[in-house]
Structure formats: structure tokens, C-alpha cells
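One letter stands for each residue in the lines below.
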Amino acid sequence: MTDARPMGESRPRGRDRPERRWLALVVIATAQLMTALDATIVNIALPSAQRALEFSDAQRQWVVTAYTVCFAGLLLFGGRVADAVGRRRSFQIGLAGFGLASLLAGLAPTLPVLAAGRALQGAFAALIAPTVLSLLAVTFTDQRERTRAFAIYGAVASSGAAAGLLAGGVLTDYLDWRWCLFVNVAIAGAVLTVGRLVLPDPPRFGSSGLDAASAVLATGGLAAVVLGCSQAAAGGWAQPTVFGALLGGVAMVAAFALRQARIPDPLLPLRILADRSRAGAYLAVAAAVVGSFGMFLLLTYHLQVVLHYSPVRAGLAVLPMTLANALSGYQLGNRLMPRLPPRILIAGGLLVAASGLALIAQLTPHSGYLATILPAQVLIGIGMGALFPPAFQLAIQGVTHQDAGVASAVINAATQVGSSIGTAILNTLAVTATATYLATHPTAPSLHRAALIHGYATATAWATGLLAAMAVLVYLLIPASRPQRTEHKQKTYTHTAKEEG
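What counts and what doesn't
- Residues numbered from 1 in each chain as written.
- Predicted model: local features only at pLDDT ≥ 70, side-chain atom pairs only at ≥ 80, totals over all residues.
- Heavy atoms only, no water.
- Helix = DSSP H or I, 4+ residues; strand = E, 2+ residues; numbered from the N terminus.
- Contact = heavy atoms within 4.5 Å.
- Areas by Shrake-Rupley, 256 points an atom, 1.4 Å probe, with all protein chains shown as cover.
- 1 Å grid on protein atoms, 1.4 Å probe; cavity = no way out; pocket = protein on both sides within 12 Å on 5 of 7 lines; lining within 4 Å.
- Points joined across faces, edges and corners; volume = space filled by probe spheres on them.
- Nonpolar A, V, L, I, M, F, W, Y, C, P; charged D, E, K, R; others polar.
- Phe/Tyr/Trp six-rings, centres within 6.5 Å; stacked < 30°, edge-to-face > 60°.
- Buried < 20%, exposed > 50% of the residue type's maximum accessible area, 1.4 Å probe, protein only.
- Lys NZ or Arg CZ within 6 Å of the ring centre and 35° of its normal.
- Expected span 1.5 Å × (residues − 1).
- Polar contact = N/O pair within 3.5 Å; in protein donor to acceptor, adjacent residues only side chain to side chain.
- Salt bridge = Lys/Arg side-chain N within 4 Å of Asp/Glu carboxyl O.
- Core = buried A, V, L, I, M, F, W, Y, C linked by side-chain atoms within 4.5 Å.
- pLDDT = per-residue confidence, 0-100.
- Patch = residues over 30% accessible without salt bridge, like charges linked within 9 Å, V, L, I, M, F, W, Y side chains within 5 Å.

Caption draft 1: Geometry of the overall build of the chain. Along the backbone of the chain there are 18 helices and 0 strands. Counted over contacts in the chain with a minimum sequence separation of 6, partners at least 24 positions apart contribute 83%. Per element, the accessible surface of the chain, about 21,700 Å² overall, is 66% carbon and sulfur.

So, in C-alpha cells, the structure goes:
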């Protein structure tokens, strides 16, 4: 067979071959899918894990927050590590560590070991997350191929939550809850093996210092706040241990902020937060996740413990919220962004999501899935989909190329902070309300079931108030702007970034 290429054109070799580039896309997208589905796959399995390891309702949130706290606290540090040791090497270390941490969590005989494994998963996910987009960008240099690759990557990444719900239900129902963690071992091993052959190795950017002290302050402060909220579930908010943990957490976060203002090469340049629009976007995303993610944990327990759904049925039952979120983001958020100012979309999305939470807050022992839970999920999903596209756009609008990576990482960290604090606080509110109901209604029929539902409804009512209040704050914080102007700025930033990149 003769070579049909023009004379002088060399045959692509190694990682330059087209088939290798698309195989690299499979590796990168699968790694992102693994970290995305891990947030929901464990939630569906949590009631089964709680029965097996015999931990309390007050302690159950640690299975979720151990992951999100470490992910959020170490995300900026992970990006700095990737700059120092190389994107490809950081990606490989993250994958290997994530697989081993999943194995540890899956074999856990007690809650502390399970929480430790989940914390390690979050720490290694913080190494993977900053590398995936940069590896994708250097793999696909042709604009047409890059556009297609990013579209495929986005579709895979956005399906992670839905895939986790379905996989978690199936694995828990037909095998065991531990397989929701073991599955990551196989995925990480396969991705690591293939990735060694096909991933590019971009040049390192170097680092003037990894600043581990800042990472410790950020992660420790967030963990202390979550610990304080968890302790409150056992004996109330007035306990000295609760007050001490919350005060210590706030002090560590304040020390982190002070350190960022004083060191020459901070993990988080405070100028990122100085812009009102960007700060409003971060607050809106964190608040939205407080409500939706915290409610998701309570809804999982309501379906499996109160309504006695199987894990598979529970996974299918909460799928509408994820689907509504995806459809709203693609069809509503993106289409309205050129027509409406960002603060209208973000505040409006928070209010729509709050209306869905308000429905959940009306739960009674007689509430049905179709009449209450399903429409509530659809409203929450629509609200989230409407606010996330403009919020993410505001997060990077107007930043320099130097700060673009940090600005993107901060909004990702905001989602994890919201998940951590939201899950801890709402779980504590639910447990406290349940205990109060049991103490004040000793002769009520179906006492335990009614108390659980009262706890879930009370916690969700607080989340409703938070989202409504945040909608007003965000509307006042984000300056009014014409949507065409916002879109123009975004295009200008994108063009500049491509030229500099």
C-alpha cells in the first residue's frame, strides 16, 4: 500500500497519532467521570453502610463530608503541585492514590476507617481535578478537534451524578455497598495503565513554593467547622466543644486569608475575591449546593428508611433532579444568558430552587412521591441549571490569563465547601428536630417514622430560607449589567486566553 500523504509530510507517531489523541480523551473523561460519580454513588449506599457498620445518624454525614472537605481544602494546593511536578505525573499520582483510597474505604471495618478512606479520596481527587482540562487542551491543538473533544468531555462529566445514582443503586442492591467503592479501584487501574501510553507530558511551570501551611489552614478550618456542626447533633449548639470547634475553624480560615494577603505567591490571590460579581457568583454556587446537596442526603434516607425503597428504586427516584439540572443548564441557562442580566438568572435560579425545597419542607407521613417529591426535584433541578452557567461565566469574567486557573478552581472549591457545610448543618438540624419530636410526642402513632419525617422537613425548611435570603443578597451584590456586554467580555477573555495559550 502506498502512502497518500503529500511529499514531505511525516507520518504521525507516538502520542501525535489521531487515534492516540482520542484514546487520551477517553482516559481524561473517564477519570473526571470517576471523581464526579463518587459524590452520588456513595450517597445511595449510605443507609446500607450505616446498618453494616452501626454508626449513628449524627455520624453519617462524615462519609460525605470527609471527601468534600479534603477536596475543597486541597484543590488550590493540588493545582500548585501539578504546576511543580508536572500535569501528567500529578494526574497519575492522583489516580493511583484515588484507587488505593477507594480500596481502603471499601474494606473499612468501622466508620473511622471509612471516613479516612473517603478523606484520602478527596485529597487525591484534588490532584486529579486541576490536571484534566489542561491535559485536554494540550492534547487537542486543532480548534475543530478541540471543540469536539471539549463537548464530549462536558457530556461525560455532566453525566457523572446520574451515573453515580444508577450505579450506586445497582451495586448496593445486587452485590454490596462496598462495591460502590471497589469499582473505583478497577476504573483507576485501567485509566492509569492506558494513560501511561497515550497522555501527553506538558512542560512544568515550576513553583516558587508549595505553601503547605496555607493548605493546612484551609482544610483544617473547614474540617473544624464541619466537626462543630456534627457535634451539635449529639448535644445541641451550646456545648463548649461545638463552640470551640466552630471558633477554631473560623480562626483558621481567617489566618488563611491573612496569610494570602501577606505572602508573595499565595494559593488564593485575594484580588480574585475583590470583584463584586465574582464574589456573588461564588456565594450563589456555595449556597445552592448547601441546599441541594444537603437535601439530597436527607431525601436518600427518606426514600430508603421511611418509604422502604430499594437502593435501585431510590437511585431512580432521585434521578429526575439530575436530569432537570442538565436539561435546564443546556436549554434554559445557556439560552437566557444572552438575553437577561446574570444577577436576574442567578437570583431567579436560587428562588426557583428554594420553591422546590419548600415543597420538601411540607413532607408529612402521608406525602406521596408523585405529588410532593417529584415536582420538588424538578424545581430544584431547574433552578440549579438556570444559575450555574451564568455563575461560572462570572467566575472567570474579566480575569487575567494568569488568574484564570485560580478563578476556576475557586468556584469548584465553592461547590465542595457548600457540599461539606450544607451536609453537616442540614444533617444536624434533621437529627436535632427528630430528637425533639420524639421527646415532645411520646404517644404519637408511628412515632419513629413521623419523627424522621419531621426532622427532614425541618432541615429543608432552613435550607429554603437560606436560598431565598441568598437570592436577595446576590441580587444586591452583583452589579446590574446588560447581557450583551457580559457576553462580549466573555468572548474577549476567551480570545485572549487562546492567543496567550
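Caption draft 2: Quick peek at the layout of surface pockets. Volume-wise, the second largest pocket comes out at about 920 Å³. If you trace the second largest pocket, you find 31 residues lining it, with Val253, Phe256, Leu268, Ala414 and Val417 closest to the centre. Mapped onto the lining of the second largest pocket, the elements with two or more residues apiece are helix H2 (62-85), helix H8 (212-235), helix H9 (240-262), helix H11 (276-306), helix H16 (401-440) and helix H17 (447-477). Looking at the lining of the second largest pocket residue by residue, the class counts come to 27 nonpolar, 4 polar and no charged.

Caption draft 3: The packing of aromatic side chains, seen in detail. Taken as a whole and judged by the stated rule, the model has 2 aromatic pairs. An angle of 80 degrees between the planes, with centres 5.8 Å apart, marks the rings of Tyr67 and Phe71 as edge-to-face. Within this pair, Tyr67 and its partner Phe71 are both found in helix H2, separated by 4 residues, close to a single helical turn. Judged by relative accessible area, Phe71 falls into the buried class, the value being 9%. Above the plane of the ring of Tyr301 lies Arg60, whose end atom (NZ or CZ) is 4.3 Å from the centre. Just above the ring of Tyr309 sits the side chain of Arg313; from NZ or CZ to the centre is 3.9 Å.

Caption draft 4: The arrangement of H11 in detail. An ideal rise of 1.5 Å per residue puts 45 Å on 31 residues; H11 measures up with 43 Å between its terminal C-alpha atoms. For H11, a buried count of 28 out of 31 residues is recorded, marking the element as mostly surrounded by other parts of the structure. Taking the backbone nitrogen of Ser277 as reference, a side-chain oxygen 3.1 Å away marks Asp275 as the first, capping residue of H11. Downstream of H11 by one or two residues, His308 has phi in the positive range, about 60 degrees.

Caption draft 5: Structural context of empty space enclosed by the protein. All told, the structure shown has 4 cavities of 30 Å³ or more when counted by the stated rule. Lining the largest cavity, in full, are Val42, Ala45, Leu46, Ala49, Val63, Leu114, Trp177, Cys180 and Leu181. For the lining of the largest cavity, the secondary-structure elements that each account for two or more residues are helix H1 (18-53) and helix H7 (179-198). By residue class, the composition of the lining of the largest cavity is 9 nonpolar, no polar and no charged. Around the second largest cavity, the lining residues are Asp57, Arg60, Ala430, Val431, Thr434, Leu452 and Tyr456. Only H16 and H17 provide two or more residues apiece to the lining of the second largest cavity. The biggest single contributor to the lining of the second largest cavity is H16, with 3 residues. A class-by-class count of the residues in the lining of the second largest cavity yields 4 nonpolar, 1 polar and 2 charged.

Caption draft 6: Molecular detail of the pattern of salt bridges. Within the structure shown, the criterion is met by 3 salt bridges. The partner of Arg60 in a salt bridge is Asp57, and the shortest N-O contact between them spans 3.4 Å. For Arg60, a relative accessible area of 2% puts it in the buried group. According to the relative accessible area criterion, Asp57 is partly exposed, its value standing at 30%. One salt bridge in this structure joins Asp211 and Arg259, with 2.8 Å as the shortest N-O distance. Taken together, the residues Asp211 in the loop between H7 and H8 and Arg259 in helix H9 connect sequence positions 48 residues apart.

Caption draft 7: Molecular detail of the environment of Val194. Here Val194 is to be found in helix H7. Here Val194 falls in the partly exposed class, since its relative accessible area comes to 29%. Sequence-wise, Val194 and Leu23 are 171 residues apart; in three dimensions their C-alpha atoms are separated by 8.4 Å. If near-sequence neighbours (up to four positions away) are discounted, Val194 is found in contact with Leu23 and Val27.

Caption draft 8: Up close: the nonpolar core. Ranked by size, the top nonpolar core spans 118 residues in total, and within it Phe91, Leu114, Ile128, Leu303, Leu350 and Met384 carry the most contacts. By residue number, the principal contributor to this core is H11, which donates 16 residues. In this structure Leu303 touches His308, Tyr309, Ala314, Ala317, Val318, Tyr369 and Ile373, once residues within four positions along its chain are discounted. Ranked by size, the runner-up nonpolar core spans 7 residues in total, among them Val69, Ala72, Leu222 and Cys229.

Caption draft 9: View of the confidence of the model for the chain. Counting all residues, the mean pLDDT for the chain is 80, and 86% of those residues have values of 70 or more. Overall, residues 1-15 carries pLDDT values under 50, and its contacts beyond four positions in sequence, including any with other chains, amount to 14 contacts. This stretch, residues 484-501, has a pLDDT under 50; its non-local contacts, to residues over four places away or in other chains, come to 18 contacts.

Caption draft 10: Just a nonpolar patch on the surface, in detail. Taken together, the side chains of Leu340, Ile344, Val472, Tyr475 and Leu476 present a nonpolar region at the surface, about 430 Å² in accessible area. Element by element, the count of residues in the nonpolar patch is highest for H17, at 3 residues. Its place among the elements puts Tyr475 in helix H17. Note on Tyr475: relative accessible area 33%, which makes it partly exposed.

Caption draft 11: How the structure looks around the side chain of Ser48. Topologically, Ser48 is positioned in helix H1. A relative accessible area of 14% places Ser48 in the buried class. A distance of 3.3 Å separates a polar atom in the side chain of Ser48 from a polar atom in the side chain of Arg51. Setting aside residues no more than four positions away along its own chain, Ser48 makes contact with Thr172, Trp177 and Pro311.

Caption draft 12: Spotlight on the side chain of Gln416. Looking at where Gln416 falls in the secondary structure, it is placed in helix H16. When its relative accessible area of 15% is taken as the criterion, Gln416 is described as buried. In this structure, Gln416 is in contact with Thr68, Phe71 and Ala72, ignoring residues within four places of it in sequence.

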